[in-house]
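Structural overview for review
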Amino acid sequence: ASFCEFHARHGVPLAGVLAESIVWPLFFIVSTVAALPALWMLWWLRASVREFAGLPRVAVSEHLEGVLRGYQREGLDFLAFVSDLGLGAVLADDMGLGKTVQALAWIEWLRARDPAGGPTLVVCPASVVHNWQREAEKFTPDLRVLALTSGEERHTLREAVPHHDVVITTYA
């Protein structure tokens, strides 16, 4: 029996077979093409890791008041490096070792690279919101900082977000 007779005898319409034989390969091609940017990114990340020769030094912003300690400087270099890879990172030092000033230095580095990048959102426990404000005033006085803490004021201040460089809010 021919291909057409076989499908007609077994109740499978030829149009369905043709559609299936055309649609699935087209779907595969379209989905593969759609995945190309992700595949290229994966290839690029693998190549970047394979060629890793150490953290490149980045310039510390002239707007940062104070001096970073050695390990804080390495933290800034690390944050800048993973940013260039399109990834995020976590600073997990013990309390009191200056993660806030490292993050502020990184925010300044990001702003220098993309001044029109919009505000940075800091989400933290309510107990450290005011510490973030104080540290920002001390180490990065040029940054426009907005704290959205609680209550009705929080909702009314949301309109001011685009006019600030750093917005600090809580988990709640």
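Here's what I pulled together on the structure shown here.

The rules behind these values
Residues numbered from 1 in each chain as written. Predicted model: local features only at pLDDT ≥ 70, side-chain atom pairs only at ≥ 80, totals over all residues. Heavy atoms only, no water. Buried < 20%, exposed > 50% of the residue type's maximum accessible area, 1.4 Å probe, protein only. Helix = DSSP H or I, 4+ residues; strand = E, 2+ residues; numbered from the N terminus. Pairing = 2+ DSSP bridges. Right-handed = clockwise from strand over helix to strand, strands pointing away. Patch = residues over 30% accessible without salt bridge, like charges linked within 9 Å, V, L, I, M, F, W, Y side chains within 5 Å. Areas by Shrake-Rupley, 256 points an atom, 1.4 Å probe, with all protein chains shown as cover. Salt bridge = Lys/Arg side-chain N within 4 Å of Asp/Glu carboxyl O. Axes fitted to C-alpha atoms, helices over the stretch in contact; angles between N-to-C directions. Contact = heavy atoms within 4.5 Å.

**Focus on the pairing of strand S3 (residues 166-170)**
Of all 5 residues in S3, 5 are buried, a share of seventy percent or more. Residues of S3 alternate between two faces, with Val166, Ile168 and Thr170 on one and Val167 and Thr169 on the opposite face, all of them buried. Strand direction decides the pairing type here: strand S1 (residues 120-124) and S3, joined by 5 bridges, are parallel. Bridge pairing links Thr120 to Val166 in S3. The β-α-β motif built from strand S2 (residues 145-148), the intervening helix H6 (residues 151-157) and the parallel element S3 has right-handed crossover chirality.

**Re a nonpolar patch on the surface**
Together, Phe52, Leu55 and Phe78 line one region of the surface with nonpolar side chains, adding up to about 250 Å² of accessible area. Relative to the assigned elements, Leu55 resides in the loop between helix H2 (14-50) and helix H3 (70-84). Here Leu55 falls in the partly exposed class, since its relative accessible area comes to 35%.

**Details of the sheet that holds S1**
Taken in spatial order, the 3 strands line up as S1-S3-S2 in an open sheet, and their pairing is parallel. Two strands lie at the open edges of the sheet, namely S1 and S2, each paired on one side alone. Each strand axis lies, on average, 20° off the axis of its neighbour in the sheet, ignoring direction. Running over the sheet, helix H5 (residues 129-139) touches S1, S2 and S3 and is turned about 160° from S3.

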